[in-house]
Amino acid sequence: MKLLPITVSAVLALAACAADTMKGYVGQDIRAVELAYGPPANQIDLGGGVRAFQWQKISVDTTPVSAVTTTDKDKKGRKTTETEFIGGDQTVTKCLYTFLTARDPATNGWIVTGFRQPSLDCAVGGLS
């Protein structure tokens, strides 16, 4: 039971890492994010000189396959061997990282004004 608070604290600390990375771009031109992570997957004009830029990250995690072999004897004393393969399951996580920007006519660009907090399973992996 003492392990639960430690685990929750560790997960929250990891989640803060992605938010800290994103927070570091606030006040910068969105092109700084593009230089670091490539072109956005999506741009959404929100009106009033505000635009959202989104980066998508898809992660595929696979559990390793392992073989479990058991050997038994039947009623006549003969050995029988059976092998069962377990694992190999895949989990796909699709994450969107959204930066909110405001138009800057002076630089003909978009300045990051904020971001949407990624979901917890996405925040652990980070933007990179």
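Above this note sits the structure.
Since the model is a prediction, treat every value here as computed from it, not as a measurement.

**Q** Got a sec to walk through the sheet that holds strand E1 (residues 42–47)? Specific residues and values, please.
**A** Spatially, E1-E2-E5-E6 is the arrangement adopted by the 4 strands of the open sheet, whose pairing is antiparallel. Where the open sheet ends on each side, the last strands, each with one partner, are E1 and strand E6 (109–116). Direction aside, neighbouring strands of the sheet carry axes that sit 35° apart on average. In terms of strand pairing, E1 meets strand E2 (residues 50–62) through 5 bridges, oriented antiparallel. By the bridge assignment for E2, Gln43 is matched with Phe53. The sheet contacts of helix H2 (residues 30–37) involve E2, strand E5 (90–104) and E6, and relative to E2 the element is tilted by about 20°.

**Q** An account of the nonpolar core is requested, with residue identities and associated values reported.
**A** Ranked by size, the top nonpolar core spans 12 residues in total: Met22, Tyr25, Ile30, Val33, Phe53, Trp55, Cys95, Tyr97, Phe99, Trp110, Val112 and Cys122. Elements with a minimum of two residues in this core: H2, E2, E5 and E6. Per-element tally for this core: the top contributor is E5, with 3 residues.

**Q** Could you give me a rundown of the side chain of Thr101, with the residues and numbers involved?
**A** With respect to the element layout, Thr101 can be found in strand E5. Here the side chain of Thr101 touches Arg51 through a polar contact of 2.7 Å, landing on its backbone oxygen. If near-sequence neighbours (up to four positions away) are discounted, Thr101 is found in contact with Ile30, Gly49, Val50, Arg51, Phe53, Trp110, Ile111, Val112 and Thr113.

**Q** Summarise the environment of Phe115; cite the residues concerned and give the values.
**A** On the secondary structure map, Phe115 appears in strand E6. Not counting chain neighbours up to four residues away, the residues in contact with Phe115 comprise Ala19, Met22, Lys23, Val26, Thr98, Phe99 and Leu100.

**Q** An account of the pairing of strand E4 (residues 79–86) is requested, with residue identities and associated values reported.
**A** With 0 of its 8 residues buried, E4 lies for the most part at the surface. Bridge count between strand E3 (residues 66–73) and E4: 8 bridges; the pairing is antiparallel. The residue bridging Thr71 from the neighbouring strand is Thr81, located in E4.

**Q** Before we move on, could you go through the packing of aromatic side chains and cite the residues and values that matter?
**A** In the structure shown here, the tally under the stated rule is 4 aromatic pairs. On the numbers, 6.4 Å between centres and 70° between planes, the contact of Tyr25 with Tyr37 is edge-to-face. With Tyr25 in the loop between helix H1 (3–23) and H2 and Tyr37 in helix H2, this pair connects stretches of sequence that are 12 residues apart. Classification of Tyr25 by relative accessible area gives buried; the value is 13%. For Tyr37, a relative accessible area of 25% gives the class partly exposed.

Thresholds, definitions, all that
- Residues numbered from 1 in each chain as written.
- Predicted model: local features only at pLDDT ≥ 70, side-chain atom pairs only at ≥ 80, totals over all residues.
- Heavy atoms only, no water.
- Pairing = 2+ DSSP bridges.
- Helix = DSSP H or I, 4+ residues; strand = E, 2+ residues; numbered from the N terminus.
- Axes fitted to C-alpha atoms, helices over the stretch in contact; angles between N-to-C directions.
- Contact = heavy atoms within 4.5 Å.
- Core = buried A, V, L, I, M, F, W, Y, C linked by side-chain atoms within 4.5 Å.
- Buried < 20%, exposed > 50% of the residue type's maximum accessible area, 1.4 Å probe, protein only.
- Polar contact = N/O pair within 3.5 Å; in protein donor to acceptor, adjacent residues only side chain to side chain.
- Phe/Tyr/Trp six-rings, centres within 6.5 Å; stacked < 30°, edge-to-face > 60°.

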